[in-house]
Structure formats: C-alpha cells, structure tokens
Amino acid sequence: GFSHMCGIVGVLSKSPSINKARVKSMLNKISHRGPDDEGVVAINTLDNHVKDSSTDLYLGHRRLSILDLYSLGHQPMSSTDKKIWITYNGEIFNYLEIRNILIEKGYTFKSNTDTEVVLYAYYEFGSDCLKMFRGFFAFCIYDFKNQELFLARDRLGSKPLKYFFDNKIFAFSSEIKSLLEIDSIDKSLDYSSISKYLSLSYIPSPNTIYKNIKKLPAGSFLVFNIRKNNFFIKKYWEPKFEPKIDISFAEA
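Source: prediction; values computed, not measured. (Residues numbered from 1 in each chain as written. Predicted model: local features only at pLDDT ≥ 70, side-chain atom pairs only at ≥ 80, totals over all residues. Heavy atoms only, no water.)

Extensive coverage of strand E8 (residues 148-153) is indicated by the burial of five of its six residues. Pairing of strand E7 (residues 135-143) with E8, which is carried by six bridges, proceeds in the antiparallel orientation. Each residue of the ladder has a partner; that of cysteine 140, found in E8, is leucine 151. Where E7 folds back onto E8 in an antiparallel hairpin, the turn is made up of four residues, including glutamine 147, whose phi is positive at roughly 55°. (Buried < 20%, exposed > 50% of the residue type's maximum accessible area, 1.4 Å probe, protein only. Helix = DSSP H or I, 4+ residues; strand = E, 2+ residues; numbered from the N terminus. Pairing = 2+ DSSP bridges.)

Defined simply, a disulfide is a covalent bond joining two cysteines at their sulfur atoms. Counted by the stated rule, this structure contains zero disulfides. Unpaired in this structure, cysteine 6 has its nearest cysteine sulfur neighbour in cysteine 140, at a distance of 15 Å. No disulfide involves cysteine 140; its sulfur sits 13 Å from that of cysteine 129, the nearest cysteine. Cysteine 140 sits in the buried class, given a relative accessible area of 0%. (Disulfide = S-S within 2.5 Å.)

Turning our eyes to something else, we now look at the pattern of salt bridges. Here the structure, examined in full by the defined rule, presents nine salt bridges. A salt bridge links glutamate 175 to arginine 33; the nearest nitrogen and oxygen atoms lie 3.0 Å apart. Here arginine 33 lies in the loop between helix H1 (20-28) and strand E2 (37-44) and glutamate 175 lies in the loop between strand E10 (169-173) and helix H5 (176-179), a separation of 142 residues in the sequence. In terms of burial, glutamate 175 and arginine 33 fall into one category: buried. Where glutamate 175 meets lysine 177, a salt bridge forms, and the shortest distance between an N and an O atom there is 2.9 Å. Take glutamate 175: its relative accessible area is 14%, and that puts it in the buried class. Lysine 177 sits in the partly exposed class, given a relative accessible area of 37%. (Salt bridge = Lys/Arg side-chain N within 4 Å of Asp/Glu carboxyl O.)

Another point: the packing of helix H2 (residues 95-104) against helix H3 (residues 114-125). Between H2 and H3, whose axes approach to 10 Å, the crossing angle comes to 45°. Considering the angle they form, H2 stands oblique to H3. The two elements H2 and H3 meet at a crossing, and its hand is left-handed. On the side of H2, the interface is formed by Tyr95, Ile98, Arg99, Ile101 and Leu102, while H3 contributes Asp114, Val117, Tyr120, Ala121, Glu124 and Phe125. Within the contact of H2 with H3, the residues separate by chemical class into eight nonpolar, no polar and three charged. (Axes fitted to C-alpha atoms, helices over the stretch in contact; angles between N-to-C directions. Parallel < 35°, antiparallel > 145°, perpendicular 65-115°, else oblique. Left-handed = near helix turned anticlockwise from the far one by under 90°. Contact = heavy atoms within 4.5 Å. Nonpolar A, V, L, I, M, F, W, Y, C, P; charged D, E, K, R; others polar.)

One open sheet holds the six strands; their spatial order is E5-E6-E7-E8-E12-E13, and the pairing between them is antiparallel. Lying at the two open borders of the sheet, with one neighbouring strand each, are strand E5 (77-78) and strand E13 (230-235). For E8 and strand E12 (residues 220-225), the ladder comprises five bridges, and the chain directions are antiparallel. In the strand pairing of E12, leucine 149 is matched with phenylalanine 224. Lying on the sheet, H3 is in contact with E5, strand E6 (84-92), E7 and E8; it crosses E6 at an angle near 125°.

It is worth spelling out the packing of aromatic side chains at this point. Following the criterion strictly, the structure yields 18 aromatic pairs and no others. Ring centres of phenylalanine 93 and phenylalanine 136 lie 5.5 Å apart, and the angle between their planes is 75°; this geometry places the pair in the edge-to-face category. Placement of phenylalanine 93 in the loop between E6 and H2 and of phenylalanine 136 in strand E7 is noted, with a sequence separation of 43 residues between them. In this structure phenylalanine 93 comes out as exposed when scored by relative accessible area, which is 54%. Between phenylalanine 109 and tyrosine 120, the ring centres sit 5.6 Å apart and the planes meet at 85°, which makes this aromatic pair edge-to-face. Of this pair, phenylalanine 109 sits in the loop between H2 and H3 while tyrosine 120 sits in helix H3, and the two are eleven residues apart along the sequence. As far as burial versus exposure is concerned, phenylalanine 109 and tyrosine 120 are alike and both buried. Taken together, the aromatic side chains of Tyr88, Tyr122, Phe133, Phe137, Phe139, Phe150 and Phe221 make up a single cluster linked through ring pairs. (Phe/Tyr/Trp six-rings, centres within 6.5 Å; stacked < 30°, edge-to-face > 60°.)

Right under this line is the structure:
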C-alpha cells in the first residue's frame, strides 16, 4: 500500500475555469509518477460536501500500485467521518508502530496502507504527527474542522512539493509542470534563480525558476487558512550538528 512513486496535486480557488477536467489535465502532466490509478475529489469547503464538479477545492492523486492493487489504497482518501482528506506521496517505514498507537486510542483501519496511518495520526496529533514519521513523504491534508490545508514534507525533502499563491488561487503539486496547466498562473521567470542555477546547478528552496512558484522547504509544513486566505510555513526539523567531535583529520 505504499505510495512511494506517486504524484499529488490540489487547487483551492473560486475560479470557474478550475474544474475536475482541469485537475485531471494537471495530473496527466505527472502521469509518469503513477501510471496505474488516478483519483480526483471535489469538495465544497463551506459545507464539506463532495461534489461532482464545480466547487472550491480539488485534490488529485496518481499512483503506481506496487503492493496493493485493490481499491482500499485509492486516493485521495478520507477519514470515516469525511472531516479530513489526504493526498499523499511517500513511504513511512514505522507506520505499523504508529498504527498500533492509534488502534490503542480507538481508531479503526479499513486498509493496510501507510496513507491511512498518516491521515489518522494527523487527526490525533495535529502537526506533531510529523515528529513520529520515519520515512519520506510529501502530502496535503484538507481539515474541514479547522478550515485548513496542511502540507508537509519529510525532514530531508526527498519528495518534491511545489506551490503557488496569488490571493485568488492556492495550488500545489509534486511537479511544476502541473501548476503550469492553470491558465491564470503568472509564469514570469525569477532571474535570481537562473543565476543561482548557473552557479550551483540547482535552485535552493524556497525558490524555483518561476517567480510565483515556490518549493516547500525540507523539514517544513505549511498551513493554509481557507477562510482567511493566507498561510504560514514552519520548520519542524533541522539537523543538529552537536555535540562537536574533537578528532584529528586522520581519525575523521
């Protein structure tokens, strides 16, 4: 049930040009990340109803089904009460341990996937769930009760996560090319990124080649408040180079 080679996308917007078909075309751009299965869910964040088409929130997922070909691992996935949804790319190595902690707290699981464990760990522990996860991941959780989108990336940023916000549209994806499918996105280039790329052979986060598309930094999470239409980013982990070891060059 691992989603280690998958792609995720999502869009929050009032724009009528954003619909299920548009989100599917965003997913098509990353179909190489997950050629076997596709899911798109459209949600009205005001009453939390799942819609057929036009609404304000879309979550999408493409997966490569290596370990389970049955539908229980299908994403986006929701909690039983439909209050939270997840689109997730990753692999949590200690998910069975976390699952047992959650079972002791009274949660029941429909699948044997790490996706469902991430979902309920967030339900129980909020952003602190990230401290429990050993593995690599990028995901977005829609939280109806708090009216928030919660996006997170593993400690070392092994899984990609890009986002765009212009006060009208908040969108995210595993890869930039999905975001470029949204017509209204400003595609102006960030010239300082070009010079960094030429010096370093990569563009350090949070920047990308596009001025208005950013990378969520490694070891960080982003909370987007749906009602206030704003977000903050917080670092939950950084490497600690302590204690300093005093040894000679030869010993090292």
